[in-house]
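Take a look at the letters that make up each chain.
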Amino acid sequence: MTDKSANKMWGGRFEMSPDELMVRINASIGFDKALAPQDIRGSKAHAAMLAESGIISKSDAREIAKGLDQVAAEIEAGELQFSERLEDIHMNVEARLTEIIGPAAGRLHTARSRNDQVALDFRMYVRDVVDSFDTALAGLQHGLARKALEHAGVIMPGFTHLQPAQPVTFGHHLLAYVEMFGRDRTRFADARKRMNECPLGAAALAGTSFPIDRHMTAKALGFDRPTSNSLDSVSDRDFALETLAAATISAMHLSRLAEEIVIWMTPQFGFVRLSDKWTTGSSIMPQKRNPDAAELCRAKVGRIAGAFQGLTMVMKGLPLTYSKDMQEDKEQTFDALEAYAVAVAAMTGMIGDLEPVPERMRAVAGSGYSTATDLADWLVRTLKMPFREAHHVTGAIVKAAEKRGVDLPELPLAVMQGVEKRITNDVFSVLSVENSVKSRKSHGGTAPQNVVKMAKSWLKRLEKAGLPG
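If you're wondering where the values come from, they're calculated on a predicted model, not measured in any experiment.

The rules behind each value
- Residues numbered from 1 in each chain as written.
- Predicted model: local features only at pLDDT ≥ 70, side-chain atom pairs only at ≥ 80, totals over all residues.
- Heavy atoms only, no water.
- Salt bridge = Lys/Arg side-chain N within 4 Å of Asp/Glu carboxyl O.
- Helix = DSSP H or I, 4+ residues; strand = E, 2+ residues; numbered from the N terminus.
- Buried < 20%, exposed > 50% of the residue type's maximum accessible area, 1.4 Å probe, protein only.
- Pairing = 2+ DSSP bridges.
- Lys, Arg positive; Asp, Glu negative; His and termini not counted.
- Contact = heavy atoms within 4.5 Å.
- Core = buried A, V, L, I, M, F, W, Y, C linked by side-chain atoms within 4.5 Å.
- Phe/Tyr/Trp six-rings, centres within 6.5 Å; stacked < 30°, edge-to-face > 60°.
- Lys NZ or Arg CZ within 6 Å of the ring centre and 35° of its normal.

### Observations regarding the pattern of salt bridges
So, point 1. The final tally for this structure, using the stated rule, is 23 salt bridges.
So, point 2. Across the pair R185 and D134 runs a salt bridge, and its minimum N-O distance is 2.9 Å. With a gap of 51 residues between them, R185 in helix α7 (residues 170-195) and D134 in helix α6 (residues 114-150) connect regions that are remote in the sequence.
So, point 3. Here D134 falls in the partly exposed class, since its relative accessible area comes to 30%.
So, point 4. Residue R187 is joined to D184 by a salt bridge in which the shortest nitrogen-to-oxygen separation is 2.9 Å. Of the two residues, R187 and D184 both sit in helix α7, three residues apart, roughly one turn of that helix.
So, point 5. What makes R187 partly exposed here is its relative accessible area of 27%.
So, point 6. Connected via shared salt-bridge partners are E74, R96 and E99.

Laid out in structure tokens, this is it:
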């Protein structure tokens, strides 16, 4: 006896309904309902193309488009009840469309398959998200560049090995992240260029015998061109992998900045302050101000990198073309891209709120013999000493300062002359942290005048992209 509850979308071949557990493992509507806007856009473009190509009537195409608009409105209003037995967003939309307009809805799936349909929807979704990332990252860059311009001359220690190395400026430090996020934007832009080919029309895997116009649908949906190989079209998930890879690198940059904020806020450093907007307290320790937003941004990279690795593992052993394994592509991608978007937004908010503590930064910048390199450079310039020799002499002078418990600017000239008799009183002109940072005028250096110029340059570029000045 035929089981009437077998899936009507593909049940002609089957006599029994699937097991309840099969329904659960097979269904993706719980997460791929996020593709509803893209699914409806794609279906409207497909119906218009079918009518223009003479494959369906124009009256049917109009009814389909009108019905899809109603489905979209119901989804947006939260009125459409999705069915797990209909598996996915494609079947749920088609089933509701059938209820609205009747048999004409059955013509919509002519010359396409769920394979090219989901490839289209997912690609459009990722493309839309990538576009939003570019705007979000530009906003973060803008906040960093404005903060850099505001604090172009604030001196702080530069670190290697998390040990004080040379004095730098806070503005210069912030601009380093502007550069990182700029590279991230180009990575997303490159990924977008490669994903901007339309897979619709590849059908199940081999193309279709109907006289479709793939260039028409590609143009209608904002793609540069249709994809060139039907097998690759339905089995490709490079666009998601590449976007996740770019998001992983960018999330790593967010994590590095978040780590610095966490460190800078400790009493041991005390370099910056965040307001109540971006910090939390403790349930037991009333004095605490915890940088939880930064810590959560720091953690997001794990989820994002995990999604990239997870999708890589899904795809690595799949023969051409489509396998049900690929249903596992969306949930982790959706989660990772949402986590990334939240992290960028939170970091943008923190940067706008963050304020340096200049006096503390300046004090630490002057410790640890941070102008030793300036001393070595002075020996090279003034005494014409080979740098390796200057390095050795400077090391001996630092050792002498350590024995006396003073920093280089406080070390008596006589002590320095005990190491190198040709040193003159002029050496003190390079030993202050202020003169140190002012001297770093080489392209890309930390000199305040460089920072002002570069910050203004970035702000001008970002303003051209539509961000406020």
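### Quick notes on the pairing of strand β2 (residues 163-169)
Side-chain positions along a regular strand alternate between the two faces of the sheet.
So, point 1. The sheet contact formed by strand β1 (residues 155-160) and β2 spans six bridges and is antiparallel. Residue pairing for β2: F159 is matched across the bridge by P164.

### Quick look at the side chain of E260
So, point 1. Position of E260 relative to the elements: it lies in helix α10 (residues 238-264).
So, point 2. At 6.8 Å, R256 is the nearest oppositely charged side chain to E260, a buried residue that forms no salt bridge.
So, point 3. Leave out the neighbours within four places in its chain, and E260 touches H173 and Y177.

### Focus: the nonpolar core
So, point 1. Core analysis: the largest hydrophobic core is formed by 99 residues, its most contacted members being L144, F170, Y340 and M347.
So, point 2. Here M347 is in contact with L140, L254, L257, A258, I261 and C297, once residues within four sequence places are set aside.
So, point 3. In this structure, V398, A400, V430 and L431 belong to the second largest nonpolar core, which totals 22 residues.

### Section: the packing of aromatic side chains
So, point 1. On inspection of all chains with the given rule, the structure shows 10 aromatic pairs.
So, point 2. Summarising the aromatic geometry, the rings of Y125 and F334 are spaced 4.6 Å apart at their centres and angled 55 degrees between planes, so their arrangement reads as tilted. Of this pair, Y125 sits in helix α6 while F334 sits in helix α12 (residues 328-353), and the two are 209 residues apart along the sequence.
So, point 3. You can call Y125 buried: its relative accessible area is 16%.
So, point 4. Its relative accessible area of 9% is what places F334 among the buried residues.
So, point 5. Of the aromatic side chains, those joined through ring pairs into one cluster are F122, Y125, F239 and F334.
So, point 6. The ring of F223 has R127 lying over it, and the distance from NZ or CZ to the ring centre is 4.2 Å.
So, point 7. Stacked on the ring of W458, the Lys or Arg R461 has its end atom at 3.8 Å from the ring centre.

### Details of unusual backbone geometry
Only a minority of non-glycine residues have a phi that is not negative, and only a minority of peptide bonds are not trans.
So, point 1. In this model, L320 is joined to T321 through a cis peptide bond whose omega is 5 degrees.
So, point 2. In this structure, A111 takes a positive phi of about 65 degrees despite not being glycine.
So, point 3. In this fold, A111 is placed in the loop between α5 (89-101) and α6.
So, point 4. Residues other than glycine seldom take positive phi values, yet K384 does so here, at roughly 55 degrees.
So, point 5. Tracing the sequence through the fold places K384 in the loop between α14 (372-383) and α15 (387-404).
So, point 6. You can call K384 exposed: its relative accessible area is 66%.

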